[in-house]
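Here is how the chains run, residue by residue.
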Amino acid sequence: MNTEQELKQFQERIDNGEKIEPKDAMPERYRKQLIRMMSQHAHSEIVGMLPEGNWITRAPSLKRKMVLLAKVQDEAGHGLYLYSATETLGARRQDLVEDYLYGSAKYSSIFNYPTLTYADICVIGWLVDGAAIVNQTMLAKSSYGPYARANLRICKEESFHKKQGYEMLAKMASGTPEQQKMAQDAVNRWWWPTLMMFGPHDSDSPNSAELIRWGVKTKTNDELRVHFVDRMVMEAEAIGITLPDPDLRYNEETGHWDFGLIPWDEFWSVVKGDGPMNRERIRARRHAYEEGAWVREAATEYARKQRLRAEKAS
Ligand code: 3HC
């Protein structure tokens, strides 16, 4: 698809709210942008299992262990839907994974922070999954059918994640003075990194305009961030948690909460690989990938034999 007429027709389909499906003609750049963004999303879901998985054996009760185990397992499922959705664009999963483990593909900055106490698990559920819902509810309306449908399903599961995180944090915030301190400390450490999840300011976001024109994103990074802060201010207040931003103020004119300056230097340093846990996360993922090579080989061989058997039988 290269001629102006074809590009115009494609844009008309988008503007009419039609979904683009895998076998439809699409501009090469649209396909590339989707592969970049969807695979980054898939990698994030998978690497996101590490900070929480770290607490499965140390969660305070059997119930909390089971809940956390189920949540981490859901994240693996999200990664798999997203890799499958990316494959519909002609990308090979192995290439995507290797570009992230040994190349330059990105994953979300948020997963490069450590989980120091169990309160961090509560806060990840509330803030990180809460931010993911805001971002992914928007992506569930994306112009690319398989991505929109994957996000629809992901958001349903993320809603449970967020509710369980909020419920646990509420319990901690009304617990012993030590628990209250842990809860507040975790919020203090995760608040700014969570705001960074939405990506750079719109003025520093090279991809937003194109993605919005093509209906892949329907809102900008800043619009989503503002929406998220509005919601979190109320939720924090309801459970007696203070958000660590002295500049947080309700703006009568805009009807939104104004907030302080996001530490962008920190964001870019994490994105470039120098966050507190970047090296450890990549090391752990490479180890899992390399140690799992025999499982992939066995699964491939099993599938080959099943295919041969089916061919013989037919
Ligand atoms: N972490 C790492 N890199 C980031 C980033 C972040 N938080 N935000 C932006 N970037 C990168 C972009 O990938 C881009 O780099 P590239 O061009 O080399 O790929 C660059 O910074 C400039 O950013 P843009 O704003 O131009 O990029 P986008 O328009 O693609 O917007 C995004 C960035 C908002 C992350 C968007 O890609 C998006 O919505 N992605 C899909 C959702 C996603 O990946 N979420 C990750 C979290 S997963 C999760 O939340 C799991 C849950 O279980 C908690």
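Above this text you will find the structure in question.
Residues numbered from 1 in each chain as written. Predicted model: local features only at pLDDT ≥ 70, side-chain atom pairs only at ≥ 80, totals over all residues. Heavy atoms only, no water.

### Let's talk about the environment of Ser-104
Using the following cut-off: Only DSSP runs of H or I with at least four residues qualify as helices, and only runs of E with at least two residues qualify as strands; both kinds are numbered from the N terminus onward.
Mapped onto the elements, Ser-104 comes out in the loop between helix 5 (93-102) and helix 6 (118-139). The spatial distance from the C-alpha of Ser-104 to the C-alpha of Gly-79 is 18 Å, given a sequence separation of 25 residues.

### Re the layout of surface pockets
Our working rule: Residues are called lining when one of their atoms sits within 4 Å of a cavity or pocket point, these points coming from a 1 Å grid over the protein atoms alone, where a cavity is a set in which a 1.4 Å probe fits but cannot get out and a pocket is an open set with protein on both sides within 12 Å along at least five of seven lines. Grid points are joined across faces, edges and corners, and a volume is the space filled by probe spheres set on the points.
A volume near 590 Å³ is recorded for the second largest pocket. Contributing to the lining of the second largest pocket are 22 residues, with Arg-93, Val-97, Arg-285, Tyr-289 and Arg-296 lying nearest its centre. Those elements giving two or more residues to the lining of the second largest pocket turn out to be helix 3 (49-53), helix 4 (62-87), helix 5, helix 12 (278-291) and helix 13 (293-313). Looking at the lining of the second largest pocket element by element, the count peaks at 5 residues for helix 4.

### Remarks on the site of the ligand
The following threshold applies: Nearness here has a simple test: a residue counts as near a molecule or strand if at least one of its heavy atoms is within 4 Å of that partner. Using a 1.4 Å probe, the Shrake-Rupley method yields the accessible areas, and only the shown protein chains count as cover for residues.
The environment of the ligand is made up of 34 residues, and the closest members are Gln-40, Glu-75, Lys-106, Ser-205 and Lys-217. Against a free-state accessible area of 1000 Å², the protein chains account for coverage of 92% of the ligand. Elements that contribute at least two residues to the shell around the ligand include exactly helix 2 (28-47), helix 6, helix 7 (145-173), helix 9 (208-213) and helix 11 (264-271). The biggest single contributor to the shell around the ligand is helix 2, with 6 residues.

### Quick look at the nonpolar core
Quick reminder of the rule: Grouping buried Ala, Val, Leu, Ile, Met, Phe, Trp, Tyr and Cys residues that are joined through side-chain atoms within 4.5 Å yields what is termed a nonpolar core. Throughout this description, buried means an accessible area under 20% of the type-specific maximum (1.4 Å probe, protein chains only), exposed means over 50%, and partly exposed covers the range between. Contacts were defined at the residue level, with two residues in contact if any of their heavy atoms lie within 4.5 Å.
Counting 79 residues, the largest nonpolar core has Tyr-30, Trp-126, Tyr-144, Leu-169, Trp-191, Phe-228 and Ile-241 as the members making the most contacts within it. Considering every element that reaches this core, the biggest residue donor is helix 6, with 13 residues. Residues contacting Tyr-30, with those up to four places away along its chain left out, are Phe-10, Ile-14, Ile-20, Ser-143, Tyr-144, Trp-214 and Val-216.

### Observations concerning the environment of Asp-204
Position of Asp-204 among the secondary structure elements: in the loop between helix 8 (177-196) and helix 9. A C-alpha to C-alpha distance of 53 Å links Asp-204 and Leu-308, two positions 104 residues apart in sequence.

### Digging into the side chain of Glu-45
As a reminder of what qualifies: As used throughout, the charge tally considers Lys and Arg to be positive and Asp and Glu to be negative, leaving His and the chain termini uncounted. What counts as a salt bridge is simple: a side-chain nitrogen of Lys or Arg found within 4 Å of a carboxyl oxygen of Asp or Glu.
Of note, Glu-45 is situated in helix 2. Buried Glu-45, no salt bridge; nearest opposite-charge side chain is Lys-71, N-O distance 8.0 Å. If near-sequence neighbours (up to four positions away) are discounted, Glu-45 is found in contact with Glu-75, His-78, Gly-79, Leu-82, Gln-136, Ile-154 and Glu-158.

### Some remarks on the pattern of salt bridges
In this structure the tally under the stated criterion is 19 salt bridges. Here Arg-279 makes a salt bridge to Asp-274, at a shortest N to O gap of 2.7 Å. Residue Asp-274 is classed as partly exposed on the basis of its relative accessible area, which comes to 47%. One network of salt bridges, with partners in common, ties together Glu-52, Lys-71, Glu-75 and Asp-129.

### Some remarks on helix 11
The following threshold applies: The reported arc concerns the directions from the helix axis to the C-beta atoms and nothing else.
Here helix 11 has its buried residues at Trp-264, Phe-267 and Val-270. Each buried residue of helix 11 lies within a common arc of 125° when the element is viewed along its axis, so the set occupies one face. For helix 11, the elements touching its buried residues are helix 8, helix 10 (221-238) and helix 12. Among the residues trailing helix 11, Gly-273 stands out with phi positive, at a value near 110°.

### Things to note about the packing of aromatic side chains
Under the convention used in this document: Two rings from Phe, Tyr or Trp (for Trp, the six-membered ring) form a pair when their centres are within 6.5 Å of each other. A pair whose planes differ by under 30 degrees is stacked, one over 60 is edge-to-face, and the rest are tilted. Counting as a charge over the ring demands two things of the Lys NZ or Arg CZ atom: a distance within 6 Å of the ring centre and an angle within 35 degrees of the ring normal.
In total, this model carries 11 aromatic pairs according to the counting rule given. When the ring of Tyr-30 is compared with that of Trp-214, the centres are 5.6 Å apart and the planes differ by 85°; the resulting orientation is edge-to-face. Taken as a pair, Tyr-30 in helix 2 and Trp-214 in the loop between helix 9 and helix 10 lie far apart in primary sequence, 184 residues in all. Classification of Tyr-30 by relative accessible area gives buried; the value is 0%. Each ring, one from Phe-267 and one from Trp-268, has its centre 4.7 Å from the other, and the planes form 70°; the classification is edge-to-face. Classification of Trp-268 by relative accessible area gives partly exposed; the value is 33%. What links up through ring pairs into an aromatic cluster is the set Phe-10, Tyr-30 and Trp-214. Lying over the aromatic face of Trp-214, Arg-213 brings its terminal NZ or CZ to 5.3 Å of the ring centre.

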